[in-house]
Amino acid sequence: KQEVTQIPAALSVPEGENLVLNCSFTDSAIYNLQWFRQDPGKGLTSLLLIQSSQREQTSGRLNASLDKSSGRSTLYIAASQPGDSATYLCAVQINGFKTIFGAGTRLFVKA
Amino acid sequence: SQTIHQWPATLVQPVGSPLSLECTVEGTSNPNLYWYRQAAGRGLQLLFYSVGIGQISSEVPQNLSASRPQDRQFILSSKKLLLSDSGFYLCAWSWGNSGNTIYFGEGSWLTVV
């Protein structure tokens, strides 16, 4: 059974700091891995999608890596800003229609 | 461009009352549609998914049901709500059968009292 774990559960950093969010999964047989952002009381916004054959994806200040063999992904946020404060969720797609989500990391960036 | 609408955004319902949450997608055809529930501090739980009109797959036995009367419409229902049905419900869509981004609606907060 696929399980997705995100560490840390919460993180507080000063503005401008570079940071890394971690995601681990137990079964390497995945279609893809996605990182989402969720603001309080809102839906999820897709940030980056890494296909199983890829190693990383970049969008602006965000970079996500995928190591299937070790069951790990990291989301790197460069030069963090207060507007980056949100919950970040990692999710792995295990078949055509089923995606397993982690519980998320709550990020607070202090001005 | 594609958009997803979900309503109502918030509702408070008494125990034993019925429920209907509706979701529609615009700008695409034959999407895969999903209903998720999110509990506080936990990951999203897939409740139902649909690959076409009238085709519903249930992931978790529960007090809820789903229907897809039209290609881009997905409805989550209950005949009699339980206190444990309270939560944040999210509709989502994707396209194709593998490797594609999932797009979420804004969610519906349900409080059963």
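In this text, all values refer to a predicted model and were calculated from it rather than measured experimentally.

### Observations regarding the sheet that holds strand β8 (residues 72-77) of chain A
All names here are of chain A.
Reasoning step 1: Here 5 strands make up an open sheet; going across it, the order is β1-β3-β8-β7-β6 and the pairing antiparallel. Every other strand in the sheet has two partners, leaving β1 (4-7) and β6 (56-59) as the edge strands with one partner each. Neighbouring strand axes in the sheet, compared pairwise and without regard to direction, differ in orientation by 15° on average.
Reasoning step 2: Here β1 runs beside strand β3 (residues 19-25); their pairing, made up of 4 bridges, is antiparallel. Of the residues in β3, the one forming a bridge with Thr 5 is Ser 24.

### Quick look at unusual backbone geometry
Reasoning step 1: That bond from Ile7(A) to Pro8(A) is cis: its omega, 0°, falls within 30 degrees of zero.
Reasoning step 2: Relative to the assigned elements, Pro8(A) resides in the loop between β1 and β2 (10-14).
Reasoning step 3: Backbone torsion omega between Trp7(B) and Pro8(B) reads 0°, so that peptide bond is classified as cis.
Reasoning step 4: Inspection of the secondary structure puts Pro8(B) in the loop between β1 (3-7) and β2 (10-13).
Reasoning step 5: Look at Asn30(B): it is not a glycine, yet its phi comes out positive at around 50°.
Reasoning step 6: Mapped onto the fold, Asn30(B) is located in the loop between β3 (19-26) and β4 (32-38).

Scoring rules and cut-offs
The residue numbers shown here count from 1 along each chain, following its written sequence. Chain letters start at A and ligand numbers start at 1, both assigned in the order the entries are written. Local features in a predicted model are, by the rule used here, given only for residues with pLDDT of at least 70; side-chain atom pairs are given and counted only at 80 or more, and totals for whole chains, interfaces and linings are based on all residues. Hydrogens and waters are ignored; side-chain quantities use all the structure's heavy atoms. Think of it this way: DSSP has to see at least two bridges between two strands before they count as a pair. A run of H or I in DSSP counts as a helix once it spans at least four residues, and a run of E counts as a strand once it spans at least two, with each numbered from the N terminus. All axes here are fitted lines through C-alpha atoms, helices being fitted over the stretch that makes contact, and every angle between N-to-C directions spans 0 to 180 degrees.

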